[in-house]
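# Coordinate analysis (summary)
The chain contents come next:
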Amino acid sequence: MDIPLTENDLDESGVITPQMVVKGVDIPMKAVVCFFAEVIESIAGKGKARVLSVLRSEHGEHPVYEVERGGERLAVFHPGVGAPLAALFLEEAIALGCSEFVAVGGAGALTDDLGMGHVMVVDSAVRDEGTSFHYLPPGRVVDADPDGVALLQQVLTEAGIDHVTGRSWTTDALYRETRSRVSRRVDEGCLTVDMEASAFCAVAKYRGVHFAQLLYAGDSLAADWEHRGWTKAGTVREQLFWLAADACVRFAPVRG
Ligand SMILES: O=P(O)(O)O[C@H]1O[C@H](CO)[C@@H](O)[C@H]1O
Ligand SMILES: O=c1cc[nH]c(=O)[nH]1
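Let me sum up the structure you'll find in this document. No experiment lies behind these values; they were computed from the predicted model shown. (Residues numbered from 1 in each chain as written. Chains lettered and ligands numbered in written order. Predicted model: local features only at pLDDT ≥ 70, side-chain atom pairs only at ≥ 80, totals over all residues. Heavy atoms only, no water.)

### Section: empty space enclosed by the protein
Taken as a whole and assessed by the stated rule, the structure comprises one cavity of 30 Å³ or more. Roughly 30 Å³ of internal volume is contained in the largest cavity. Along the walls of the largest cavity sit Ile40, Ile43, Ala49, Tyr65, Val67, Val76 and Phe241, which together make up its complete lining. Counting residues per element, the ones that place at least two in the lining of the largest cavity are helix 2 (37-45) and strand 3 (60-69). Here the lining of the largest cavity is built from residues that sort into seven nonpolar, no polar and no charged. (1 Å grid on protein atoms, 1.4 Å probe; cavity = no way out; pocket = protein on both sides within 12 Å on 5 of 7 lines; lining within 4 Å. Points joined across faces, edges and corners; volume = space filled by probe spheres on them. Helix = DSSP H or I, 4+ residues; strand = E, 2+ residues; numbered from the N terminus. Nonpolar A, V, L, I, M, F, W, Y, C, P; charged D, E, K, R; others polar.)

What follows is the structure, encoded as structure tokens:
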């Protein structure tokens, strides 16, 4: 079907580039892309994070902080929810100078095997969103950077955290996760549903940066929806943030 998302202009630059929008700043190459606003606020509230820059959109401001972990400086920012905004802020962080990213967030579980808080390393994502089609040729699935997957697996194993590695279904439409679509995604190997993973992988491949993502199973869509209190799972979220930071510190630099 001839839909706009299949038009091929991947070899052309955008009229607006992220470099036109962000101002140069001394920023670490390694960045944690954290979906847990309360964790970032808590670290900043304890005086352990310094504002380096601010990402802005019409809805408001997303500070880029600097934190220290294992003797290294790391950038930390919240990318916003949904593929278009998260991809836009990832683009701007790349333009600021970051080149190794570890994202950490939550997702809906599609299987009973993933109890609340169970950790997943994303190794691929189904592109049920629009943003990734502006960065990669049309396709159903995008694979994550294998080095990033191996790094996250290693960090989790060393920390003694039980985890799975698998595919996430990235959707644009939280309230259109129908039962038949959930079943089809389970049949094609998805363990979770999220709203950014495939777009992140696509931007990272297009811009030639390193990217890896950790998710924890939050609510469950395996049967009738169960919220499971996932957005208030403070201990899981904070612990996962620091594991993402540990992995980020160890990411081999793409720019030597
Ligand atoms: O809790 P976070 O990590 O934001 O993740 C999931 O939750 C949001 C939707 O409620 C989307 O961002 C989705 O990816
Ligand atoms: O994207 C998401 C995240 C959590 N739960 C869902 O159902 N969808």
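### Re the pairing of strand 6 (residues 119-128)
A regular strand places its side chains on the two faces of the sheet in alternate fashion. Along strand 6, eight of the ten residues are buried, which leaves the element largely enclosed by surrounding structure. In this sheet, strand 10 (residues 210-220) lies alongside strand 6 in antiparallel orientation, the contact comprising three bridges. Along strand 10, the bridge assignment pairs Val119 with Tyr216. Pairing analysis gives three bridges linking strand 6 to strand 7 (residues 141-143), with the strands arranged antiparallel. Paired with Val126 across the two strands is Val141, which belongs to strand 7. (Buried < 20%, exposed > 50% of the residue type's maximum accessible area, 1.4 Å probe, protein only. Pairing = 2+ DSSP bridges.)

### Some points on the site of ligand 1
Around ligand 1, the surrounding shell consists of Phe35, Val81, Gly105, Gly106, Leu174, Asp194, Met195, Glu196 and Trp230. The contact in question runs from an oxygen atom of ligand 1 to an N or O atom on the backbone of Met195, over 2.9 Å. The contact in question runs from an oxygen atom of ligand 1 to an N or O atom on the side chain of Glu196, over 2.6 Å. For ligand 1, whose accessible area on its own is 340 Å², the fraction buried by protein is 84%. Its residues assigned to classes, the shell around ligand 1 comprises five nonpolar, two polar and two charged. (Near = heavy atom within 4 Å. Polar contact = N/O pair within 3.5 Å; in protein donor to acceptor, adjacent residues only side chain to side chain. Areas by Shrake-Rupley, 256 points an atom, 1.4 Å probe, with all protein chains shown as cover.)

### Some words on the pattern of salt bridges
Per the stated rule, a full pass over the model turns up 13 salt bridges. With a shortest N-O distance of 3.1 Å, Glu66 and Arg50 are connected by a salt bridge. Here Glu66, found in strand 3, pairs with Arg50, found in strand 2 (residues 50-57); they are 16 residues apart in sequence, far enough to count as distant. What makes Glu66 buried here is its relative accessible area of 14%. (Salt bridge = Lys/Arg side-chain N within 4 Å of Asp/Glu carboxyl O.)

### Regarding the environment of Ala75
As for its placement among the helices and strands, Ala75 is situated in strand 4 (residues 72-77). With 18 residues separating them along the chain, Ala75 and Ala93 place their C-alpha atoms 9.2 Å apart. Beyond its immediate sequence surroundings of up to four residues, Ala75 is in contact with Ile27, Pro28, Lys30, Ala31, Val32, Val64, Tyr65 and Cys98. (Contact = heavy atoms within 4.5 Å.)

### Observations concerning the packing of helix 4 (residues 146-158) against helix 7 (residues 234-250)
It is at 9 Å that the axes of helix 4 and helix 7 come closest, and there the two elements cross at 125 degrees. Taken together, the axes of helix 4 and helix 7 lie oblique to each other. Crossing hand, helix 4 versus helix 7: right-handed. For the pair formed by helix 4 and helix 7, the contact residues are Leu151, Leu152, Gln154, Val155, Leu156 and Glu158 on the first element and Leu243, Asp246, Ala247 and Arg250 on the second. (Axes fitted to C-alpha atoms, helices over the stretch in contact; angles between N-to-C directions. Parallel < 35°, antiparallel > 145°, perpendicular 65-115°, else oblique. Left-handed = near helix turned anticlockwise from the far one by under 90°.)

### A short note on the nonpolar core
The biggest cluster of nonpolar side chains holds 74 residues, and the ones touching the most others in it are Val32, Phe77, Phe101, Val104, Leu214 and Phe241. The greatest single-element share of this core, amounting to nine residues, is contributed by helix 7. Sequence-distant contacts of Val32, that is, excluding residues within four places in its chain, are made with Leu74, Ala75, Val76, Phe77, Val102, Val104, Phe241, Ala244, Ala245 and Cys248. Counting residues in hydrophobic clusters, the runner-up holds seven residues, among them Val126, Trp169, Val182 and Val193. (Core = buried A, V, L, I, M, F, W, Y, C linked by side-chain atoms within 4.5 Å.)

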